[in-house]
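# Residue-level structure breakdown
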Amino acid sequence: MVAAGVQFGWALQLSLLTPYIQVLPCVRIWSDKCSSKYGRRRPFILVGSLMISVAVTIIGFSADIGYLLGDADEDHRNFKGT
């Protein structure tokens, strides 16, 4: 049962729920005032999707980035799960 709680916690954290709740009202106001030739919503959808793609890529390479930024080998733990 403990693992179910951990998975639920990760799901909440990775869903980025808190930034959506805080950022979406501002983005809605900005997009309503936008007068782009591509429409009101498309530029924001494009920029948001690019930002999420970059963030997911950084998360995927976080161990390598940490190593490049100076993490020592003794800071790493080797997982020996079953």
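Let me begin by describing the structure that accompanies this report. Bear in mind the structure is a predicted one, so any value in this text is a computation, not a measurement. (Residues numbered from 1 in each chain as written. Predicted model: local features only at pLDDT ≥ 70, side-chain atom pairs only at ≥ 80, totals over all residues. Heavy atoms only, no water.)

### Some points on the overall build of the protein
In terms of helices and strands, the protein carries 4 helices and 0 strands. Element order for the protein, N to C, with α for helix and β for strand: α-α-α-α. Within the protein, the proportion of its 82 residues that are buried is 2%. Of the accessible surface of the protein, which amounts to about 7,800 Å², a share of 67% is contributed by carbon and sulfur atoms. (Helix = DSSP H or I, 4+ residues; strand = E, 2+ residues; numbered from the N terminus. Buried < 20%, exposed > 50% of the residue type's maximum accessible area, 1.4 Å probe, protein only. Areas by Shrake-Rupley, 256 points an atom, 1.4 Å probe, with all protein chains shown as cover.)

### Concerning the pattern of salt bridges
Scanning all chains against the criterion turns up 1 salt bridge. Arginine 41 serves as the salt-bridge partner of aspartate 32, at 3.1 Å between the closest nitrogen and oxygen. On the basis of relative accessible area, aspartate 32 is assigned to the partly exposed category, the value being 43%. You can call arginine 41 partly exposed: its relative accessible area is 40%. (Salt bridge = Lys/Arg side-chain N within 4 Å of Asp/Glu carboxyl O.)

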